[in-house]
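Structure at a glance
Chain by chain, the residues run as shown.
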Amino acid sequence: MIDKHLLKLRARDAISAEEEAFIRGGVSGSAKVQRDTVVVRAFEPIHTSSILVSGIACRFKDLGNGRRQITELHVPGDFTDVHGFSLKYLDHDILAVTNCQFALVPHAHLQEMTEHQPHLTRVYWFGTNLDAAIHREWELSLGRRDATARMAHLFCELYVRLEIVGLVRQGAYDLPLTQVELSDCLGITPVHTNRTLQQLRSDGLVEFRSGQVILHDLAALKAIADFDPRYLYLRRMPH
Amino acid sequence: MPHFFFHLENRIGVTRDHDGQEFSDLAAARIAAATNIRDILAEEVKHGHLDMRGRIRIADAQDGALAVVSFTEALAVTLEGESG
């Protein structure tokens, strides 16, 4: 169930068989969630963290008038709210954007990890730092990239993150988001999102249709996005 | 809630909406169309253009025309020498 999670961890560090057994042993169950369901609500106490097994989830915050900003997309293999272990509650919601399956890890298990598995503790600490790096890159996009570059950057980021967990096939990956959801990632309106998609498509760079992203010219897309993948810490380093 | 489709016509051509969005009624959809127009024009202004020739055609799921919101309706422009 958590094979993609292990792929993600092993892209950045060596995980021993004993550590793998410890991680697998911490999964107390699983939950299937329908699309558009809030999985973790902000400011409510939490005692379990969730690894995304399948589907797309997100972190979002919204204003009193309902305007929503998605602050990170989660792909299979992500520990969507491991930060909830130390925070005890989240300052944002977690939403199943598509139908999702989660593997549930009680905080008691994470507590045991911090006491008996120092290397894994550092690996998961790295994981929360990686999420922070992704947030910083999204901040840069929202503040300084124009709509086209912002969209190009998101498609490049997801390409890299999904490739790590084996979900890119022949330059394409599934992203069954609506234009509204995509616009909530990019901080622009849905019609603006549609127009920007059309521009990228007519320029021969990327297509987004039927819930799929098809990359026609990744090099050109990276150039438009000013995409530097080092923020995703892709090298394997001992922690 | 009814589904509304926002087809954009502007200087780069027609961008058809294949997703649509739900709104309580046509009045709410018209307000959303104006918000979308302002967002698109704001981006163009950042790139040094302001081309007010354009509109969003609001259609239903059967592609029946329901309303047209022009760029000029969505944005009040006051030019140098005009009274505000």
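Residues numbered from 1 in each chain as written. Chains lettered and ligands numbered in written order. Predicted model: local features only at pLDDT ≥ 70, side-chain atom pairs only at ≥ 80, totals over all residues. Heavy atoms only, no water.

**Let's talk about the sheet that holds strand 10 (residues 212-215) of chain A**
All names here are of chain A. Under the convention used in this document: Pairing between strands is defined by DSSP: at least two bridges between the two strands are required. By the criteria applied, helices consist of DSSP H or I runs no shorter than four residues and strands consist of E runs no shorter than two, each listed in order from the N terminus. Each axis is a line fitted through C-alpha atoms, taken for helices only over the stretch in contact, and angles between the N-to-C directions span 0 to 180 degrees.
The strand order 8-10-9 describes an open sheet built from 3 strands, whose pairing is antiparallel. Among the strands making up the open sheet, the edge pair consists of strand 8 (172-174) and strand 9 (206-209). Each neighbouring strand pair of the sheet contributes to a mean axis angle of 15 degrees, computed without reference to strand direction. Where strand 9 meets strand 10, 4 bridges bridge the pair, whose relative direction is antiparallel. Bridge pairing in strand 10 places F208 opposite V213.

**Considering empty space enclosed by the protein**
Residues and elements named next belong to chain A. In plain terms, the rule: Cavities and pockets were defined on a 1 Å grid built from protein atoms only: a cavity is a group of points that admits a 1.4 Å probe but offers it no way out, a pocket is an open group of points flanked by protein on both sides within 12 Å along at least five of seven lines, and a lining residue is one with an atom within 4 Å of any such point. Grid points are joined across faces, edges and corners, and a volume is the space filled by probe spheres set on the points.
Applying the stated criterion across every chain yields a total of 5 cavities of 30 Å³ or more. Reported here for the largest cavity is a volume of approximately 150 Å³. Around the largest cavity, the lining comprises 16 residues; the ones closest to its centre are K8, L9, V123, Y124 and G127. Elements represented by at least two residues in the lining of the largest cavity include exactly helix 1 (3-10) and helix 5 (118-144). No other element matches helix 5, which puts 6 residues into the lining of the largest cavity.

**A look at the packing of helix 1 of chain A against helix 2 (residues 17-25) of chain A**
Packed helices, taken two at a time, are described by the angle their axes make and the gap between the axes. Residues and elements named next belong to chain A. Applicable threshold: Small angles under 35 degrees read as roughly parallel and large ones over 145 as roughly antiparallel, with 65 to 115 read as roughly perpendicular and the rest as oblique. Should the near helix be turned counterclockwise from the far one by less than a right angle, the crossing is left-handed, whereas a clockwise turn marks it as right-handed. Should any heavy atoms of two residues lie within 4.5 Å, those residues are considered in contact. Throughout this entry, Asp, Glu, Lys and Arg are counted as charged residues, while Ala, Val, Leu, Ile, Met, Phe, Trp, Tyr, Cys and Pro are counted as nonpolar. The remaining residues, Gly among them, count as polar.
Contact geometry for helix 1 and helix 2: axes closest at 11 Å, N-to-C directions at 140 degrees. The angle between helix 1 and helix 2 places the two elements in the oblique class. Handedness of the crossing formed by helix 1 with helix 2: right-handed. Contacts from D3, H5, L6, L9 and R10 in helix 1 reach E20, I23 and R24 in helix 2. Classifying every residue of the contact of helix 1 with helix 2 by side-chain character gives 3 nonpolar, 1 polar and 4 charged.

**Considerations on the confidence of the model for chain B**
Filter applied, for reference: Scored between 0 and 100, pLDDT is the confidence that the predictor attaches to each residue.
Summary statistics for chain B give a mean pLDDT of 94 and a share of 99% for residues scoring 70 or more. Both confidence scores are given for the complex: pTM 0.95, ipTM 0.94.

**Here's the deal with the side chain of A:E207**
All names here are of chain A. The condition that has to hold: We call a residue buried when its accessible area falls under 20% of the maximum for its residue type, exposed when it is over 50%, and partly exposed in between, using a 1.4 Å probe and counting protein chains only. Under the rule applied, a polar contact is a pair of N or O atoms within 3.5 Å (in protein, one hydrogen donor and one hydrogen acceptor; residues adjacent in sequence only if both atoms are side-chain atoms).
Turning to its location among the elements, E207 is positioned in strand 9. Look at E207 and you get buried, because its relative accessible area is 18%. Here the side chain of E207 touches R209 through a polar contact of 2.7 Å, side chain to side chain. Not counting residues up to four positions away in its chain, the partners in contact with E207 are R201, Q212, V213, I214 and H216.

**With respect to the state of the cysteines**
Residue and element names in this part refer to chain A. For clarity, the threshold we go by: Criterion for a disulfide: a pair of cysteine sulfur atoms within 2.5 Å.
Overall, the coordinates contain 0 disulfides over all chains when judged by the stated rule. C100 takes part in no disulfide bond, and the closest cysteine sulfur, belonging to C58, lies 9.1 Å away. Left without a disulfide partner, C185 is nearest to the cysteine sulfur of C58, which lies 6.8 Å away. With relative accessibility at 4%, the residue C185 sits in the buried group.

**Re the packing of aromatic side chains**
The geometry of an aromatic ring pair comes down to the distance between the two centres and the angle between the two planes. Short version of the rule: Only Phe, Tyr and Trp rings take part, Trp by its six-membered ring, and two of them pair if their centres are within 6.5 Å. Stacked means planes under 30 degrees apart, edge-to-face means over 60, and tilted covers everything else.
Summed over the entire model, instances satisfying the criterion amount to 7 aromatic pairs over all chains. With a centroid separation of 6.1 Å and an interplanar angle of 85 degrees, the aromatic rings of A:F227 and A:Y231 are classed as edge-to-face. Each member of the pair, A:F227 as well as A:Y231, carries the same accessibility label: buried. Ring geometry for B:F4 against B:F23: centres 6.3 Å apart, planes inclined by 50 degrees, an arrangement best described as tilted. One end of the pair, B:F4, is in strand 1 (residues 3-10); the other, B:F23, is in the loop between strand 3 (21-22) and helix 1 (26-46), and 19 residues separate them in sequence.

**With respect to the pattern of salt bridges**
Residues and elements named next belong to chain B. Formally: For this document, the term salt bridge refers to a Lys or Arg side-chain nitrogen within 4 Å of an Asp or Glu carboxyl oxygen.
A full pass over the atoms with the stated rule returns 23 salt bridges over all chains. With a shortest N-O distance of 3.2 Å, R16 and D63 are connected by a salt bridge. Of the two residues, R16 is situated in the loop between strand 2 (13-15) and strand 3 and D63 in the loop between strand 4 (55-59) and strand 5 (65-70); the sequence distance between them amounts to 47 residues. Given a relative accessible area of 38%, R16 falls into the partly exposed group. Residues R53 and D51 are paired through a salt bridge, measuring 2.8 Å at the closest nitrogen-oxygen approach. We classify D51 as buried; its relative accessible area is 14%.

**A short note on the interface of chain A and chain B**
Counted only if it meets this: What gets called buried area is simply the loss in accessible area from a 1.4 Å probe that two parts show on being joined, summed for both.
Taken residue by residue, the interface counts 13 residues in chain A and 18 residues in chain B. Taking both partners together, chain A and chain B bury about 1,400 Å²; carbon and sulfur atoms supply 51% of that area. Applying the counting criterion to the chain A and chain B interface returns 1 salt bridge. Salt-bridge contacts for A:R195 lead to B:E44; the nearest nitrogen and oxygen are separated by 3.1 Å. Summed over the shared surface of chain A and chain B, the result is 11 residue pairs in polar contact (both at pLDDT 80 or more). Taken together, the residues of the side of chain A that touches chain B break down into 5 nonpolar, 6 polar and 2 charged.

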